[in-house]
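# Structural characterization, general
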Amino acid sequence: MKHFLIASLLAGAMALPAAAADYTIIAPANPGGGWDQTARSLQSVLQEEGISKSVQVQNVPGAGGTIGLAQFASQQSGNPNALIVGGYVMVGAILTNKSPVTLKEVTPIARLTGEYEAIVVPASSPIQNIAQLIEQLKKDPGSVSWGGGSAGGTDHITAGLIAKAAGVDPTKINYIAYSGGGEALASILGAQVTAGISSYGEFESQVKAGTVRILAISSEKKLEGVDAPTLKESGLDVVVQNWRMIAAAPGLTPEQEKGVNADVEKLVKSAKWQETLKTKGWMDTYLAGDAFKAQLEKDTASTETILKDIGLVK
């Protein structure tokens, strides 16, 4: 009987579903920006879908995410419940800041979303279209101040590529970097900069409210629901997509990494996440595991080439 009871208890324990992990997600930027929005959307969906009982979000801003990345890599090694949001901005920031900690020091899990860049001006600006902005840029590059995210990030790269495509020395662009989307938006709305660059989703509500005017979008083709030409349609051969990712801590066992991947896969396939993508205007660019790691290596190499080309990295 004793053996029977033990066997029954063991069988019952094996039949129980694995306990949901309690995750902490690092958003390596100030509240209000794209990484913060991504982290808090992940928090909401993980909890609402029952994938995780409890999810905390911590903001660790600075240096294009490299401060948060360094802290995460050094403090969370071997912790399968710690995650960090990142993306294309971080790839550039690592290079421009000469960060000793790179994405090789964490465990990339998946690319989640992608967005195209929007170029906007405050509603009070006399600039009505992208052609007028480029005309001013050609006459006096320094007179056009660009407000966007961290130095070397997607926004900065886009400004440099626009200048290069327009025949302007990209090293002469007057780019003003902000560590969070909220700060950048305030400077644009306050007309403290000539133009703003960020992912379209961060400007969408202001565009619809009429507080900013969208001049162009960095997509390959015109986007449905976006009343603006592409940069390519405007005569500038520039296409840029900003993607966002989720990574786990370094030093995980294969089983731990598999568990995180399984939770993220459940998340991206959930109806709630698909609803979130639609609400936020984010594109589903889910790519996971070894395929994502290979793509990340390619993106890092191509970003280094671009940054050198436009003078942001020696």
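Residues numbered from 1 in each chain as written. Predicted model: local features only at pLDDT ≥ 70, side-chain atom pairs only at ≥ 80, totals over all residues. Heavy atoms only, no water.

### A short note on the pairing of strand β4 (residues 107-122)
- In terms of burial, β4 is largely enclosed, as 16 of its 16 residues are buried.
- The sheet contact formed by β4 and strand β9 (residues 241-248) spans eight bridges and is antiparallel. Considered in β9, the bridge of G114 is made with W243.
- Relative to strand β7 (residues 195-199), β4 is paired through four bridges, and the arrangement is antiparallel. Bridged to I119 within β7 is I197.
- Relative to strand β8 (residues 212-217), β4 runs antiparallel, the two sharing five bridges. (Buried < 20%, exposed > 50% of the residue type's maximum accessible area, 1.4 Å probe, protein only. Helix = DSSP H or I, 4+ residues; strand = E, 2+ residues; numbered from the N terminus. Pairing = 2+ DSSP bridges.)

### Points about the pairing of strand β1 (residues 23-27)
- Burial within β1 is extensive, with four of its five residues counted as buried.
- In this view, the connection linking β1 to its parallel neighbour strand β2 (residues 55-59) by way of helix α2 (residues 34-48) has right-handed handedness.
- For β1 and strand β3 (residues 82-87), the ladder comprises three bridges, and the chain directions are parallel. Within β3, the residue paired with I25 across the bridge is L83. (Right-handed = clockwise from strand over helix to strand, strands pointing away.)

### Here we look at the environment of G92
- Summarising the element assignment, G92 is placed in helix α4 (residues 88-96).
- The class of G92 is buried, set by a relative accessible area of 0%.
- For the pair formed by G92 and G64, sequence separation is 28 residues and the distance between their alpha carbons is 8.1 Å.
- Residues within four places of G92 in sequence aside, it is in contact with G152, T303 and L307. (Contact = heavy atoms within 4.5 Å.)

### Let's talk about the packing of α2 against helix α10 (residues 271-280)
- With their axes 10 Å apart at the nearest point, α2 and α10 run at an angle of 150° to one another. As summarised for this structure, α2 and α10 are arranged roughly antiparallel, according to the angle between their axes. Here the hand of the crossing between α2 and α10 comes out right-handed. In contact with Q37, S41, L42, V45 and E48 of α2, α10 contributes K272, W273, T276 and K280.
- Here the residues of the contact of α2 with α10 sort into three nonpolar, three polar and three charged. (Axes fitted to C-alpha atoms, helices over the stretch in contact; angles between N-to-C directions. Parallel < 35°, antiparallel > 145°, perpendicular 65-115°, else oblique. Left-handed = near helix turned anticlockwise from the far one by under 90°. Nonpolar A, V, L, I, M, F, W, Y, C, P; charged D, E, K, R; others polar.)

### Details of the confidence of the model for the protein chain
- Averaged over every residue, the pLDDT of the protein chain is 90; the share at 70 or more is 94%.
- This model gives residues 4-17 a pLDDT under 50, and the stretch forms zero contacts once residues within four places in sequence are excluded. (pLDDT = per-residue confidence, 0-100.)

### Notes on helix α3 (residues 66-75)
- Of all the residues in α3, the buried ones are T66, G68, L69, F72 and A73. Angularly, the buried residues of α3 cover 155° about the axis, an arc narrow enough to put them on a single face. Counted as exposed and oriented over 90 degrees from the buried face of α3: S74 and Q75.
- Each element contacted by the buried residues of α3 is listed here: β1, β3, α4 and β9. (Arc of directions from axis to C-beta.)

### What to know about the packing of aromatic side chains
- Here the structure, examined in full by the defined rule, presents three aromatic pairs.
- Judged by centre distance (6.3 Å) and plane angle (90°), the rings of W243 and F292 are edge-to-face. Of this pair, W243 sits in strand β9 while F292 sits in helix α11 (residues 289-309), placing them 49 residues apart in sequence. Each member of the pair, W243 together with F292, is buried.
- Chaining the aromatic ring pairs together yields one cluster made of Y88, W243 and F292. (Phe/Tyr/Trp six-rings, centres within 6.5 Å; stacked < 30°, edge-to-face > 60°.)

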